[in-house]
Structures are given as C-alpha cells and as structure tokens.
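One letter stands for each residue in the lines below.
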Amino acid sequence: MSKVRVRFAPSPTGGLHLGGVRTVLYNYLFAKNKGGDFIVRIEDTDQARFVEGAEQYIFDCLKWCGIEPDESPLHGGEYGPYRQSERKELGIYQQYADKLIKDGHAYYAFDTPEELEKMRNDFKTAENPSPQYDHHLRMKMKNSLTLNEDEVNNLIAKGTRHVVRIKMPENEIISFTDMIRGEIKNETSLVDDKVLLKADGMPTYHLAVVVDDYLMEITHAFRGEEWLPSAPVHVLLWKYLFGADKMPEWAHLPLILGPSGKLSKRDGAKYGFPVFAMNWLDNKTNELTEGFKEKGFLPEAFINLLALLGWNAGTEQELFTKEELIEKFSIDRVHSGGAKFDYEKAKWFNHEWIKGLPISDFRFRIEPLIQDSKIDISDTEKLEKIIGLVKDRCTFLTDFYDQASYFFVTPEILDVDAVKPKWNEEKKNFFLEFINKLSAIENWGLEAIEDVFKNLATEKNIKPGELQMPLRVMLVGGKFGPPVFVIAENIGKAETIKRIENALKVF
Ligand code: GLU
C-alpha cells in the first residue's frame with residue numbers, strides 16, 4: 001500500500017471550531033498511526049468569505065494543540081502550492097474544467113443572478129418549493145447545452161460572465177464505501193448541476209477538492225458529515241477525471257452536538273463555554289469569542305477530550321496522551337452518530353490533566369498568565385511550593401491566581417457574610433488571645449500553630465471546628481484553600497497576626 005497521506009483542508013473564514021479541531025485530530029491520529037503524512041491545505045477560493053488573519057490563526061491553533069503538519073503553506077512540501085488561490089493562478093483547475101466540458105460532463109452557464117432568481121420563481125410548485133438548476137431545468141436555461149457553438153463562443157469572446165457546471169446524469173445510482181458508515185448510495189437525479197468553476201475563475205470546493213486530493217496523492221479524506229449530500233458529485237468527478245479507483249477512502253465524521261442540536265458558535269455564548277480552540281476576534285464586528293486556550297484548558301486535555309467525542313478505545317480508559325492516542329486510534333471505533341459535547345465532562349478532563357502535571361511543568365504554563373499580577377514569579381522555590389498546595393484545586397490554569405494569590409498578598413476583601421451570623425464576643429476574645437500566643441511561638445511551624453490553636457480552644461471550651469472557618473476567612477478572604485494551618489505556616493508569623501488583627505476590626 002502506498003504511504004498514507006491525509007489532509008486537513010480548512011477555509012480561512014473565522015475561528016476554529018472544536019469540530020474542526022476534531023477533524024484535524026482524527027486526520028492526524030490516523031496518519032501517524034499508519035506512519036503517514038498529515039497535510040494542511042488552505043481552501044481559500046471563496047473570496048467573499050475570506051478573512052484576513054484566519055490562516056495564521058489556524059496554524060497557531062494547531063501549534064497550541066501540539067499538532068505539527070508535515071506539509072502546508074508554512075511547512076512547505078513537494079506537492080505545493082498548498083493554498084488553492086495560488087493553485088488557481090497556475091491554471092490547475094481551469095484545465096480540468098476544460099477537460100470535463102470537452103468530454104461532455106460539464107457545460108458553460110451564462111445565466112445572470114436575475115435569470116436564476118426568475119427560474120426559482122417561475123418553476124416553484126407546491127411539491128417543489130425550491131427548484132434547482134438540474135436535469136429538469138437545465139434545458140430551459142442559458143448555457144452551452146441550449147445555445148449553439150457560435151453563440152457560446154461569441155458570449156465568451158465578449159467576456160460575458162459565466163460559470164462551469166457539472167452535468168449530473170439523470171438516472172444513476174452513485175455508491176461508495178465510507179470508512180465509518182459503510183456503503184452510501186445516492187441518486188444523481190436528486191442532485192443539482194453544481195457550479196465547478198465560478199465567474200471569477202476560482203474553482204468551487206467540489207472541483208478543487210477532487211483535483212487537489214488527486215494531485216496531492218491523498219489516500220484518506222476525513223471531513224464533516226455536512227459534505228455527504230455532495231459526495232456523489234465528487235465521486236463522479238473522480239470517475240470522469242482520474243478514475244474511480246484512484247479516489248481516496250472517505251470518512252464523513254459525525255456532528256458534534258451541543259445542548260440544542262448542532263453545536264454552534266452561539267451555543268458558546270449562550271451556555272457559557274468556549275467553542276473555538278483559541279480566542280477569535282472578528283474584526284468586522286469586533287466581537288471576541290473566547291477560546292479553550294484562554295479559558296485555561298491544557299492542550300493535552302483539549303485533544304484528549306476531542307478524541308473521545310466520537311471515538312473510544314474499546315476500554316474504560318479515558319485519559320490518553322497524544323502518543324497513546326496515536327497508538328490506539330482506529331477508524332472502526334469512530335461512531336457514526338452525533339457526539340454530544342458535555343462541558344462538565346470537558347472540565348473533568350482538564351482537572352485530571354492538571355492534577356497529573358508535574359509542579360515545574362505547571363509553573364511553566366501559568367507564569368505567562370500571572371507575570372503581571374501581584375504574584376511574585378521570581379521566587380521559584382516559593383512559587384513551586386504554593387503550586388504544590390493549590391494545583392489540584394484548579395480546574396483551569398486560570399484558576400491559579402484566585403487559588404493562590406493570598407499566599408502572596410493580603411486579601412483585600414473578606415467574606416464577612418460567611419462569618420457574621422455565628423460571630424460573638426467569645427470568639428473575638430479567643431482570637432485576641434490567639435494573637436498573643438502566636439507572637440510567642442519561637443519556631444514558627446505547622447505543629448506549633450496547631451498546638452496553640454487547639455489548646456486555647458480546649459481551654460476556652462469552644463469547638464475547634466467553629467473557629468477554623470473564621471480563621472480561614474481571615475487568612476484567605478473566603479472559604480476555600482488548603483488546610484488553614486498550612487496557610488498560616490506559609491504566609492509567616494507577622495502576616496498571620498496582621499491578617500487576624502485586620503479581620504477582627506471588620507467582623
Ligand atoms: N474546506 C472544506 C471545509 O472547510 C473542507 C472539507 C474537506 O475536508 O474536504 O469544510
């Protein structure tokens with residue numbers, strides 16, 4: 001078998017949705033599992049949807065995910081150019097469109113937008129509310145099937161705007177084997193005569209995907225299931241241009257579902273979770289959509305959770321490194337049904353991955369997030385000690401600041417409401433005496449602090465449990481964090497006393 005070559009073929013039109021990253025991932029895992037190559041081809045032929053900066057953004061996302069293409073416009077390779085707009089300049093698509101016309105499989109169509117609109121109105125019926133440009137209607141339109149050769153040549157010579165359309169056979173059954181779904185059959189009579197070459201000379205996706213997959217020697221193609229309806233067009237183009245046996249094996253990946261059907265960008269805003277890999281700023285609307293990266297996900301967790309959205313290893317195992325995924329991935333364990341994205345489960349993955357990170361690795365990841373904060377990152381030893389205390393309490397990398405800042409700076413706000421209802425003179429007196437006892441400790445340390453606290457509580461006949469929560473709020477500001485005496489030990493004697501004194505004024 002020839003070397004496996006797969007491609008991710010994004011259109012640079014905006015943020016990279018998690019469904020897109022999963023497509024990348026399945027391509028990549030499949031290729032690497034088989035010792036093959038992973039190629040990125042930029043499908044930028046739709047100039048109306050082209051967005052400046054979107055291509056670089058896609059590469060940034062792949063880099064963040066730890067997925068390195070073997071060939072791409074940035075990485076080079078022997079099958080370039082890897083941008084369709086550059087391939088168009090070389091006349092690559094035109095020559096195949098010409099061949100299709102010559103062989104009678106495609107034709108020129110000169111209909112103006114107004115004429116197309118009129119067709120849709122004139123032929124609208126109750127049974128067929130949206131008539132298509134197809135074998136029923138093509139002979140009623142202005143194209144090289146209805147005009148004679150001279151008329152066609154004339155129109156072209158005059159520079160009349162035109163497109164090239166495929167001439168779909170009237171009554172054929174087109175079948176192919178999908179790697180996930182098995183045999184797929186389509187009736188050609190139901191498919192319209194899709195445009196292959198646009199008026200601006202750019203190919204549409206239908207022509208470009210076939211030509212480029214052929215020229216780039218792609219062996220397996222993974223794409224979203226939204227492409228299933230146009231698959232018969234692609235199968236026919238393969239047959240007409242290169243031979244059906246040369247076609248890559250297709251896999252149409254299931255949709256990723258959100259809380260209300262297909263997971264959309266708007267779902268993110270609605271339900272408060274990210275849908276893009278990284279922050280995406282729409283420079284037309286100035287709208288910023290938060291990414292998984294900026295939310296505080298680890299890339300390892302992100303690809304782990306995406307891999308499991310539609311695939312499983314056939315065991316109970318849920319946590320996989322990239323290397324394990326490469327080793328275990330197999331297409332027969334990808335299911336064809338939609339995969340539901342569960343944000344709570346996504347958080348679980350991230351939390352598990354954070355718990356598993358070595359302390360120094362965690363430090364390296366959070367330093368950029370806290371370098372301008374009040375946390376002193378220059379004292380590596382202290383920082384790593386605190387990380388050891390709070391890391392496992394972080395669901396996101398971005399939780400670290402809130403979980404740890406009180407080790408570095410006196411909290412400004414105290415959760416007074418948590419203490420107030422049960423606060424009394426007795427407790428106040430306890431803490432006043434506690435301060436004195438703390439000042440007298442010579443060897444500041446966990447045991448000494450705990451002894452002083454417990455003995456005094458016994459002496460005053462107050463349950464230690466009733467005093468620990470106020471002490472925690474005094475030191476931390478809220479009701480969270482590692483054991484309270486560990487906190488006191490770490491912030492030091494003077495700071496502990498200062499925080500208790502401050503809090504007593506407020507309670
Ligand atoms: N440019 C297409 C898209 O963004 C690619 C589909 C494919 O992988 O063939 O959906």
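Rules and cut-offs
- Residues numbered from 1 in each chain as written.
- Predicted model: local features only at pLDDT ≥ 70, side-chain atom pairs only at ≥ 80, totals over all residues.
- Heavy atoms only, no water.
- Helix = DSSP H or I, 4+ residues; strand = E, 2+ residues; numbered from the N terminus.
- Buried < 20%, exposed > 50% of the residue type's maximum accessible area, 1.4 Å probe, protein only.
- Polar contact = N/O pair within 3.5 Å; in protein donor to acceptor, adjacent residues only side chain to side chain.
- Contact = heavy atoms within 4.5 Å.
- Expected span 1.5 Å × (residues − 1).
- Arc of directions from axis to C-beta.
- Pairing = 2+ DSSP bridges.
- Right-handed = clockwise from strand over helix to strand, strands pointing away.
- Core = buried A, V, L, I, M, F, W, Y, C linked by side-chain atoms within 4.5 Å.

Colleague: What is the right way to read the side chain of Asn490 from this model?
Modeller: Tracing the backbone through its elements, the reader meets Asn490 in helix H21 (residues 484–491). The exposure class of Asn490 is buried, given its relative accessible area of 18%. Here Val486 takes part through its backbone oxygen, which lies 2.8 Å from a polar atom of the side chain of Asn490. Ignoring any residue separated from it by four or fewer positions in sequence, one finds Asn490 in contact with Lys385, Ile386, Leu389 and Phe407.

Colleague: What exactly am I supposed to notice about helix H19 (residues 446–460) here?
Modeller: Along an α-helix, residues three or four positions apart point the same way, because every turn accommodates 3.6 residues. Along its 15 residues, H19 runs 21 Å from first to last C-alpha, staying within 8% of the 21 Å computed at 1.5 Å per residue. If you check which residues of H19 are buried, you get Ile449, Val452, Phe453, Leu456 and Ala457. Taken down its axis, H19 places every buried residue within 120° of arc, on the same side. For H19, the exposed residues set more than 90 degrees away from the buried face come down to Glu447, Asn455, Thr458 and Glu459. Looking at the packing, one finds that the buried side of H19 touches helix H18 (425–440), helix H20 (464–476) and H21. Asn461 occupies a position one or two residues after H19 and carries a positive phi of about 60°.

Colleague: Help me understand unusual backbone geometry in this model?
Modeller: Excluding glycine, most residues fall at negative phi; most peptide bonds, likewise, are trans. Here the amide bond leading from Gly80 into Pro81 is cis, since omega sits at -10°, within 30 degrees of zero. Relative to the elements of secondary structure, Pro81 occurs in the loop between helix H2 (54–65) and helix H3 (84–89). Located in the positive-phi region is Asn286, a residue other than glycine, with phi close to 65°. The residue Asn461 is not glycine, and still its phi comes out positive at about 60°. One can find Asn461 in the loop between H19 and H20.

Colleague: Help me understand the pairing of strand S8 (residues 220–224), please; the structure alone is not making it clear to me.
Modeller: Buried residues dominate S8, accounting for five of its five residues. Of the pairings in the sheet, the one linking S8 to strand S9 (residues 249–253) comprises five bridges and is parallel in character. Looking across to S9, one finds that Gly224 is bridged to Leu253. Considered for its hand, the β-α-β crossover made up of S8, helix H8 (residues 231–241) and S9 is right-handed.

Colleague: Looking at this model, I keep getting lost on the nonpolar core. Mind explaining?
Modeller: Across soluble globular proteins, nonpolar side chains have a tendency to be buried as a group. Ranked by internal contacts, the top residues of the largest apolar core, which has 60 residues, are Leu18, Phe222, Phe302 and Phe341. Put simply, the parts of the chain that give this core at least two residues each are strand S1 (5–8), helix H1 (18–33), strand S2 (37–40), H2, S9, helix H11 (299–307), helix H12 (322–328) and helix H13 (343–356). At nine residues, H1 tops the list of elements feeding residues into this core. If we skip the residues at most four places from it in the chain, Phe222 touches Val6, Arg7, Thr23, Tyr26, Asn27, Phe30, Met179, Ala251, Leu253 and Ile331.

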